[in-house]
Amino acid sequence: MKTKHEQILAFIEALPVGEKLSVRLIAKELNVSEGTAYRAIKEADNVGLVSTIQRVGTIRIESKSNENIENLTYKEIVKIIDGEVHGGSLGLDKTLTKFMIGAMTEEAMLRYISEKSLMIVGNRDKAQELSLQNGAAVLITGGFEPSSNVIQLANQKKLPLISTSYDTFTVGTMINRAMTDQLIKKEILQVHNIYTPIERTQYLKKENTVYTYRMLNQESKHSRFPVVLSDMRLAGIVTAKDVVGQEDSVKIEKVMTRNPDFAKKYMSVASIAHTMIWDGLEVMPVVSGDMTLLGIISRQDIMKAMQTVQKQPQSGDTIADQINQMIRESVDDSYVFQVTPQSIDSMGTISFGVLSEVITESVYNYLSNMKKKNLVVEQMNLHYFNMIHLGNSLKIKPHIFDENRRSARLDVEVFSENELAAKAMVVCQLIQKK
């Protein structure tokens, strides 16, 4: 018997691609509460069944896999630029690794054309043909359409031939942004990248006894185990402190912790690390949408993953990356940031969000220098004292005033032109091995 949550997901999955849906519609169709419908739609969004589009609403989309996440397919490019496919439709599922702008002679273009690339060009038949003959798909800008000869060649080579009404600069910007976004997504570690799958997970059933726990504990040297129902859905978690003083014959369901924290495969490792630190957890069950146990994730898994990520070069370019690149380390453990036109608001003063990020990145750098690399900023209280204008040079001075094994609290002073302009209190959770 399916749960209401499973029924809603099955209903959404059965909808045709492009169908619009809403919380009210789901609640009415399946006779469930709007809260239940809302949670199911959020789950459907997370797993790629639906997408919310501005000024349109939530619509059913084609499910996507995680394969080739570092690249974009030509089909996705068509959607991004609102393009029209004229030929080579059999190659739409191929991925591209780079794009070029054909603002040069045909002879000069040859050195840049390569397979798995996209040539962006205007109404130049010879340039279009040259690109297709050398393995590159073609995107025609400015609303121009290709000739029949070029269409025939695209079909023969199975290389997409696309046109769009956008100009070359706009198209280049849109594709570059999409490729950068994909690289950033690739860098974000998710639970599915590091968790221990069910085949290698030790667990107990609710009808097992404390004696079974003790035998498993002795065999595995672990002290925390998920507890499942007969259908493998998560029922709870049992730890050493739960069984202390209990008779061997006591059922696990009598001593286990019910409704434990859990993770799902699409969640970020950073968010799970935050929960585990906050609640002092060593192990967390990983479950599917219907609460079936898929495996576990441990604090040791997270520690190893975060250390590996720190050793890898950055491929994407998030706003945080950009701000961090603008921060320079100064003497006496302080940091310097120059207020640029991109970092101000409509009043000509530094944006509150930018200042918050400058402080956050400075704290990360400060604690990293103190060998405290695995951390999450938990809270920040920021207060302005003076206006910080365009062109001002900021000096950020973090100072730890309270620290223990799990957290650190810092007082951060921000000086603008040698005057105290802002002050913040930042609370960080530290991830330590136990």
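Before any of the text, the structure's been laid out above.
As the structure is a prediction and not an experimental result, all values here were calculated from the model.

Quick notes on the rules
- Here, residues in each chain are numbered from 1, in the same order as that chain's written sequence.
- Two thresholds apply to this predicted model, a pLDDT of at least 70 for residue-level local features and 80 or more for giving and counting side-chain atom pairs, whereas whole-chain, interface and lining totals are computed over all residues.
- Hydrogens and waters are ignored; side-chain quantities use all the structure's heavy atoms.
- Put simply, DSSP H or I for four residues or longer makes a helix, DSSP E for two residues or longer makes a strand, and each gets a number counted from the N terminus.
- Each residue gets one of three labels from its accessible area relative to the maximum for its type: buried under 20%, exposed over 50%, partly exposed in between, using a 1.4 Å probe on protein chains only.
- Any two residues whose heavy atoms approach within 4.5 Å at even a single point are treated as in contact.
- Each accessible area is a Shrake-Rupley estimate made with a 1.4 Å probe; only the visible protein chains count as cover when residues are assessed.
- For two strands to be treated as a pair, DSSP must find no fewer than two bridges joining them.
- Think of each axis as a best-fit line through the C-alpha atoms, taken over the contacting stretch in the case of a helix, with angles from 0 to 180 degrees between the N-to-C directions.
- Put simply, two rings from Phe, Tyr or Trp (the six-membered ring, in Trp's case) pair if the centres are within 6.5 Å, and we call them stacked under 30 degrees between planes, edge-to-face over 60, tilted for the rest.
- Nitrogen and oxygen atoms within 3.5 Å of one another constitute a polar contact, given that in protein one can donate a hydrogen and the other can accept it, and given that sequence-neighbouring residues count only through two side-chain atoms.
- The criterion is simple. A nonpolar core is a set of buried Ala, Val, Leu, Ile, Met, Phe, Trp, Tyr and Cys residues joined through side-chain atoms within 4.5 Å.

Draft legend 1. Region of interest: the overall build of the protein chain. For the protein chain, the helix and strand inventory stands at 16 helices and 24 strands. The buried share of the protein chain, reckoned over its 434 residues, is 42%. In the protein chain, once contacts between residues fewer than 6 apart in sequence are set aside, the share between residues at least 24 apart is 54%. Carbon and sulfur atoms form 49% of the exposed surface of the protein chain, whose accessible area is close to 23700 Å².

Draft legend 2. Up close: the pairing of strand S20 (residues 335-338). As judged from the 2 bridges shared by strand S19 (residues 328-329) and S20, these two strands associate in the antiparallel manner. Bridge pairing in S20 links Glu329 to Tyr335. Taken together, S19 and the strand that follows it, S20, pair antiparallel across an intervening segment of 5 residues, in which Asp332 is found at a positive phi of about 45°. Strand direction decides the pairing type here: S20 and strand S22 (residues 393-403), joined by 4 bridges, are antiparallel. Bridging across to S22, Tyr335 finds its partner in Ile396.

Draft legend 3. Representation of the pairing of strand S23 (residues 407-416) in the model. Here 9 bridges tie S22 to S23, and the two strands are oriented antiparallel to one another. When the bridges of S23 are listed, Pro398 appears paired with Val412. Between S22 and S23, which pair antiparallel in sequence order, lie 3 residues. Both S23 and strand S24 (residues 419-430) contribute to a ladder of 10 bridges, which runs antiparallel. Residue pairing for S24: Glu413 is matched across the bridge by Lys423. With antiparallel pairing between neighbouring strands as the criterion, S23 and S24 make up a hairpin whose turn holds 2 residues, including Glu417 at a positive phi of roughly 50°.

Draft legend 4. Representation of the sheet that holds strand S7 (residues 98-101) within the structure. One open sheet holds the 5 strands; their spatial order is S5-S10-S9-S8-S7, and the pairing between them is mixed. Edge strands, defined here as strands with exactly one partner in the open sheet, are strand S5 (84-87) and S7. Between one strand and the next, the sheet's axes are offset by a mean angle of 25°, whatever the strand orientation. Pairing analysis gives 3 bridges linking S5 to strand S10 (residues 161-163), with the strands arranged antiparallel. Bridging across to S10, Glu84 finds its partner in Ser163. Sitting on the sheet, helix H6 (residues 125-133) touches strand S8 (117-121) and strand S9 (137-140), and the angle it makes with S9 is about 155°. Sheet contacts for helix H7 (residues 148-157): S5 and S10; angle to S5, the most-contacted strand, approximately 85°.

Draft legend 5. Spotlight on the packing of aromatic side chains. For the coordinates displayed, the defined rule picks out 2 aromatic pairs. Judged by centre distance (5.6 Å) and plane angle (75°), the ring pair of Tyr213 and Phe225 falls under edge-to-face. Of the two residues, Tyr213 sits in helix H10 (residues 210-220) while Phe225 sits in strand S13 (residues 225-228), which places them 12 residues apart along the sequence. With a relative accessible area of 2%, Tyr213 lands in the buried category.

Draft legend 6. Focus on unusual backbone geometry. Of note, Lys116 is a non-glycine position whose phi angle comes to about 60°, a positive value. With respect to the element layout, Lys116 can be found in the loop between helix H5 (106-109) and S8. Classification of Lys116 by relative accessible area gives exposed; the value is 52%. Even without being a glycine, Met291 presents a positive backbone phi close to 75°. Within the secondary structure, Met291 sits in the loop between strand S17 (283-287) and strand S18 (293-298).

Draft legend 7. Summary view of the environment of His192. Topologically, His192 is positioned in helix H9 (residues 191-194). Judged by relative accessible area, which is 30%, His192 ranks as partly exposed. One polar contact links His192 to Gln190, side chain to side chain, over a distance of 3.1 Å.

Draft legend 8. Structural context of the nonpolar core. Grouped together as the largest cluster of nonpolar side chains are 29 residues, with contacts concentrated most on Phe337, Leu355, Ile359, Leu394 and Leu410. Sorting elements by how many residues they give to this core places helix H16 (residues 352-369) first, with 7 residues. Non-local contacts of Leu394, meaning those with residues more than four positions away in its chain, are made with Tyr335, Val336, Phe337, Val339, Ile350, Leu355, Ile388, Val414, Phe415 and Ser416. If you look at the next biggest cluster of nonpolar residues, it comprises 16 residues, including Met100, Met109, Ile113 and Leu159.

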